[in-house]
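# Structural overview
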Amino acid sequence: MYMIKPLAFRMRPTSLDEVIGQKDLVGENGFLTSSVKKGIPLSFILFGEPGTGKTTIAECYANSLGAHYTLINAVTSNKKDLVDAIENSKNYNCSIIIIDEIHRLNKDKQDILLPSVEDGTIYLIGATTANPYISINKAIRSRLHLLEVKRLSNDEVVLALKRAITSKKGLASKMDIDDESLNYIAKKSNGDIRFALNYLEILSITYGEDKIDLPKVSSVVKVANSSIDNDENGHYDAVSAMQKSIRGSDVNAALYYAARILASGDMESLTRRLLVTAYEDIGIANPQAAMRTKIAIESAYEVGLPEALIPLSVAIVDLALSPKSKAACKAMDRAYEEAANSPLDVLDYLRLTPVNVQEIDKYPYDNPDIWKYMQYLPEVIKNKEFYIPNSASTSKYEKGLNEIYANLKTIKRSSNLRELKSKFPIKK
C-alpha cells in the first residue's frame, strides 16, 4: 500500500521566501535574508517554542545559500557522527551542520565542534526550545548569534492553513472549510503550525470533501495546544510572569499564569516560586503571609490536583493583594556582595571559642544590658548599612520595625567591652 507523508511534513518550506512569519529573520530585510543576499554564511542558534519552525528555517537557510548541510540530533547522535560530519564538510566550499535540540549537547561533543566553527571548516546552526542563556554552554554561545523564533500570530497560522488547503503538495483544494473554522483551529494551535496542520489533516480524513463548519471542527479539536512544558521556555516564562504579577499586585494575572503552570501538571515549580515570592516580594511588610503560603502549599500536596487549586488560589490572592517590601531581600543582597568581596575576620569577642582573650574582654553572656551598645561589624565596615528601610511602606508591621531601627541607629556602638562593662555593671 502506498503511504502518503503527513501534511505537516509535505508543507515544510524549502527556502526562506516560503517561510511564514518571522519577518525579522526571513522578511525582505530580515537578518538571515540579508546574509543570503550577501552570500555571507553565519553560525547561529535559533531558539523558540515547539512548532515555530526552527529546524525548518535552518534547512531553508542552507538551501537558500546553496550550501551542503548535515542534520544531527543532539540526543541520538554520538561523537563519531559529529567527527564524520566535520570530516565530510571539508569536501565542500560551504558546509553547515544543523544540530536539533542543541541544548542537550554534552561538553565532550561541544569540544569537538568548537575548533571547526572557529576556523571556518563548518558553520553551525543550533535549534532549541530552551533558553540559550540558561541551557547553552558559554563557549558555544559566545561564538554564535542568538536568534529568537517567535510564536506565530493567528493570522499567520490561518495563512499556513489556507496554503496547505490549496497547495498541490497539500490538500490540492479538495477541502471545503470556512474562515470561522480556520480561525478556531489557529486559536487552538497557540502559534504552532505543526499542531494546526495535523488537525487540518484529521478533519480532511474525517469529513473528506464535505463542507466543514465550526461544530465539526470543535468536535475534533477538543484541547488547545499548550505552550507550557516543564522543560521548555514557556514554562520558565509563565513562572516568571506569575511572580512579576504578584509583585505588581495584579491578582488576575497572577491567577492566570498560575493556572497555566498547573494545567501543565507542574505543581512543584509553582509552589517553590510562591514560597520564594512570599519572602522576596512581600517580606517584612506581611511576614505572616509566608507562613500562610507554606501551609497552603502543604495542604495542596496533601489533597493533590485538581483540589490543590483551592488552597493555592488562597495563597496567590493573599500574596498579590498583600503590601510588598523587598527591604530585607535587598539588604541580604548588599551584605552578600560585601561578604563575597571582602570576607573580614570576626571580632575576637564574637568568636565561638576566643583564644588568648582575657575574661574582661570576652562576650558578656550574663549582661544583656550591654548587647545593643556593642559593635558587631568588623572595624573597617563598622558604619556600613545593608538594611535600608522601605519608607513608602503601607504595612503597620513594617512601619513598626522601621521605628525600632531608627531608634537603634541613634545608639553609638563600641568594641571596647571593658568600657561598656564599667558603664553597665551586672545587676545583682
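All of these numbers come straight from a predicted model, not from anything done at the bench.

When helices and strands are counted, the protein shows 21 helices and seven strands. For 428 residues, the compact-globule formula gives about 22 Å, and the C-alpha radius of gyration of the protein, at 31 Å, lies well above that figure. Structurally, the protein occupies a C-alpha span of about 100 × 55 × 40 Å along its principal axes. Counting over 428 residues, the protein shows a buried share of 42%. For the protein, the computed accessible surface area is about 24,000 Å², with 53% contributed by carbon and sulfur atoms.

Moving on, we come to the packing of aromatic side chains. Following the criterion strictly, the structure yields seven aromatic pairs and no others. Seen from their ring centres, F44 and Y61 are 5.1 Å apart, and the 80° between their planes marks the pair as edge-to-face. Of this pair, F44 sits in strand β1 (residues 44-47) while Y61 sits in helix α4 (residues 54-65), and the two are 17 residues apart along the sequence. Considered together, F44 and Y61 belong to a single accessibility category, that of buried residues. Ring plane angle 15° and centroid distance 6.3 Å describe the contact between Y363 and W371, whose orientation is recorded as stacked. Y363 sits in the partly exposed class, given a relative accessible area of 24%.

What follows covers the sheet that holds β1. Taken together, the five strands give an open sheet; going across it, the order is β2-β3-β4-β1-β5, and neighbouring strands pair in parallel fashion. Because the sheet does not close on itself, it has two edges, and the strands there are β2 (68-73) and β5 (145-148). Taken over all neighbouring pairs, the strand axes of this sheet differ in orientation by 20° on average, direction set aside. Across the sheet, α4 touches β1, β2, β3 (95-100) and β4 (123-128), and the angle it forms with β3 is around 175°.

With that out of the way, let us pick up the packing of helix α3 (residues 31-38) against α4. The geometry of α3 relative to α4 is characterised by a closest axis approach of 9 Å and an angle of 20° between their N-to-C directions. Taken together, the axes of α3 and α4 lie roughly parallel to each other. The element α3 and its partner α4 pack so that their crossing is right-handed. Of the residues in α4, those touching α3 at L32, S35 and V36 are I57, Y61, S64 and L65. For the contact of α3 with α4, a count of residues per class yields five nonpolar, two polar and no charged.

For the rest of this paragraph, the subject is the nonpolar core. Counting residues in hydrophobic clusters, the biggest one holds 28 residues, and the most contacted among them are L161, M175, I177, I185, L197, L200 and L203. Contributing elements (two or more residues each) for this core: α1 (7-10), α9 (154-166), α10 (179-189), α11 (193-207) and α12 (214-220). With eight residues, α11 is the single largest residue contributor to this core. Ignoring anything within four residues of it in the chain, the contact list for L197 reads L7, A8, M11, A160, L161 and A164.

This part is about the state of the cysteines. Here the structure, examined in full by the defined rule, presents zero disulfides. Here C60 is not cross-linked by a disulfide; its sulfur's nearest cysteine counterpart is in C94, at 16 Å. Residue classification places C60 among the buried positions, given a relative accessible area of 0%.

Okay, unusual backbone geometry next. Of note, E101 is a non-glycine position whose phi angle comes to about 55°, a positive value. For E101, the location among the structural elements is in the loop between β3 and α6 (107-118). Accessibility expressed as a relative area gives 26% for E101, which makes it partly exposed. A positive phi is found at A172, a non-glycine position, where the angle reads about 50°. Looking at the element boundaries, A172 is found in the loop between α9 and β6 (176-177). The exposure class assigned to A172 is partly exposed, which follows from its relative accessible area of 35%.

In total, this model carries 22 salt bridges according to the counting rule given. The closest approach of N and O atoms between K326 and D281, which form a salt bridge, is 3.3 Å. Separated by 45 residues along the polypeptide, K326 in the loop between α17 (309-321) and α18 (327-341) and D281 in helix α15 (residues 267-282) bring together distant segments of the chain. Between E338 and K384 there is a salt bridge, with its nearest N and O atoms 3.5 Å apart.

Running from amino to carboxyl end, α9 crosses α10 at an angle of 120°, the nearest separation of the two axes being 9 Å. Between α9 and α10, the crossing angle belongs to the class labelled oblique. The chirality of how α9 crosses α10 is right-handed. Of the residues in α10, those in contact with N154, V157, V158, L161, K162 and I165 of α9 are D179, L182, N183, I185, A186, K187 and S189.

Further remarks concern the environment of S204. Considering the arrangement of structural elements, one finds S204 in helix α11. The spatial distance from the C-alpha of S204 to the C-alpha of M291 is 55 Å, given a sequence separation of 87 residues. Those residues in contact with S204 that sit more than four places away from it in its chain are L171 and M175. In this structure the side chain of S204 is engaged in a polar contact, spanning 2.7 Å, whose partner is the backbone oxygen of E201.

Let us now look at the confidence of the model for the protein. Per-residue pLDDT for the protein averages 87, and the proportion of residues at 70 or more is 95%. The element-level mean pLDDT for the protein is lowest in helix α7 (residues 132-135), coming to 74, with α17 highest at 95. Per-residue pLDDT stays below 50 along residues 228-232; that stretch engages in twelve contacts with residues further than four places along the chain or on separate chains.

Parameters and conventions
- Residues numbered from 1 in each chain as written.
- Predicted model: local features only at pLDDT ≥ 70, side-chain atom pairs only at ≥ 80, totals over all residues.
- Heavy atoms only, no water.
- Helix = DSSP H or I, 4+ residues; strand = E, 2+ residues; numbered from the N terminus.
- Rg over C-alpha atoms; globule rule 2.2 N^0.38 Å.
- Buried < 20%, exposed > 50% of the residue type's maximum accessible area, 1.4 Å probe, protein only.
- Areas by Shrake-Rupley, 256 points an atom, 1.4 Å probe, with all protein chains shown as cover.
- Phe/Tyr/Trp six-rings, centres within 6.5 Å; stacked < 30°, edge-to-face > 60°.
- Pairing = 2+ DSSP bridges.
- Axes fitted to C-alpha atoms, helices over the stretch in contact; angles between N-to-C directions.
- Contact = heavy atoms within 4.5 Å.
- Parallel < 35°, antiparallel > 145°, perpendicular 65-115°, else oblique.
- Left-handed = near helix turned anticlockwise from the far one by under 90°.
- Nonpolar A, V, L, I, M, F, W, Y, C, P; charged D, E, K, R; others polar.
- Core = buried A, V, L, I, M, F, W, Y, C linked by side-chain atoms within 4.5 Å.
- Disulfide = S-S within 2.5 Å.
- Salt bridge = Lys/Arg side-chain N within 4 Å of Asp/Glu carboxyl O.
- Polar contact = N/O pair within 3.5 Å; in protein donor to acceptor, adjacent residues only side chain to side chain.
- pLDDT = per-residue confidence, 0-100.

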